[in-house]
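# Chain and residue survey
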Amino acid sequence: MRALQVLRYGGVCEPGTMRVAHVRRPVPKEDEVLVRVHAAALNAADWKLVEGYFAQVGNERPHFPYTPGMDLSGVVADAGRSTTRFRVGDRVVGKADEGALADYVCVRERHVTRKPERLSFAAAAALPLSGVTALQALHEATTLAHDRPHRVLVLGAATAVGTFAVQIAKHYECTVVATCRAEHAARLRRLGADEVLGCGGWCDALARPERKVHAVIDCTGEDRAYQRSRCVLVDPSNCPFVTVAEAASTKLSLLALWRFSARTAFRCALAHPPYH
């Protein structure tokens, strides 16, 4: 089968960093299914891993050559002996530890679910990492706010995680305030945002008591996002502020959040799809 291989750390466009190779088709372990990949999605975590961003994190160091890619959709081609939920031919979507940029990939059964019929393979492959990150961020914001937040501010709402955060928040009947550049405003309104503000003026626009929000989900990673958000929160003492993006001062990452949340949130996100 064909697989994209990363040979060393380097820029994704640098010669010698990657190649397409012909390798043996993997054999699923007892708790895995083998998926014939129809579509795979790339996330920030994928190219950051290729460029060596996580080189200092011991358990994230790859063994070269390796095949990148986590998010995927496809058809089950084989299943391990202890698997019970899928049969050969089932259409699925899921998240692999790595290796999705190949013709076939093995995925743990608990990290796979059936693909919704109304979604194309390409659309389904875009769901796992960004969708679960958004779901977990909203869950954390709800926990910090000690209740379901009635008004949620999503900073950087036009990003991959941000668009899911808007939809999931609306699914849970929140009033959603989104920030983005002007060219993305119409799309976010179609996704369910009740109010769309520019990237620069949201702090002043939400400063009045009747305009404040109960929770903030930050998808921008800007250094001052937390400090600026405190003035728009109904109760800043509880600090219902969750960031899912890399900030220059804190080095937070989407990959770290995925490692923390996937085991409990992935199947929940797919069981209650927030699509409009």
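What counts and how
Residues numbered from 1 in each chain as written. Predicted model: local features only at pLDDT ≥ 70, side-chain atom pairs only at ≥ 80, totals over all residues. Heavy atoms only, no water. Phe/Tyr/Trp six-rings, centres within 6.5 Å; stacked < 30°, edge-to-face > 60°. Buried < 20%, exposed > 50% of the residue type's maximum accessible area, 1.4 Å probe, protein only. Lys NZ or Arg CZ within 6 Å of the ring centre and 35° of its normal. Core = buried A, V, L, I, M, F, W, Y, C linked by side-chain atoms within 4.5 Å. Helix = DSSP H or I, 4+ residues; strand = E, 2+ residues; numbered from the N terminus. Contact = heavy atoms within 4.5 Å. Pairing = 2+ DSSP bridges. Axes fitted to C-alpha atoms, helices over the stretch in contact; angles between N-to-C directions. Lys, Arg positive; Asp, Glu negative; His and termini not counted. Salt bridge = Lys/Arg side-chain N within 4 Å of Asp/Glu carboxyl O. Polar contact = N/O pair within 3.5 Å; in protein donor to acceptor, adjacent residues only side chain to side chain.

## So, the packing of aromatic side chains
Per the counting criterion, the structure on display carries three aromatic pairs. Ring centres of F64 and Y66 lie 6.0 Å apart, and the angle between their planes is 50°; on these two criteria the pair is classed as tilted. Taking relative accessible area as the criterion, F64 reaches 34% and is therefore assigned partly exposed. Connected via pairs of aromatic rings, a cluster forms that spans Y9, F64 and Y66. Here R25 stacks its cationic end above the ring of Y104, 4.8 Å away from the centre of that ring.

## Observations regarding the nonpolar core
By size, the foremost hydrophobic cluster in this structure holds 29 residues, and its most contacted members are V154, V166 and L188. For this core, the element with the highest residue contribution is helix α4 (residues 160–171), accounting for six residues. V154 has contacts with G162, A165, V166, V176, V177, A178, T179, I217 and C219, leaving out every residue within four places of it along the chain. In this structure, V177, L197, W202 and F241 belong to the second largest nonpolar core, which totals 13 residues.

## Here's the deal with the sheet that holds strand β4 (residues 71–79)
What links the strands of a sheet is backbone hydrogen bonding, and the strands pair in either a parallel or an antiparallel sense. Taken in spatial order, the five strands line up as β6-β3-β4-β5-β7 in an open sheet, and their pairing is antiparallel. Among the strands making up the open sheet, the edge pair consists of β6 (104–108) and β7 (112–114). If you compare each strand with its neighbour and ignore which way they point, the axes differ by 45° on average.

## A closer look at the side chain of D71
Tracing the sequence through the fold places D71 in strand β4. For the buried residue D71, which engages in no salt bridge, the nearest side chain bearing the opposite charge is K95, 7.4 Å off. In this structure the side chain of D71 is engaged in a polar contact, spanning 3.2 Å, whose partner is the backbone nitrogen of L129. The residues touching D71, leaving out its near neighbours within four places in the chain, are A39, A40, A41, N43, G94, K95, A100, A125, P128, L129 and S130.

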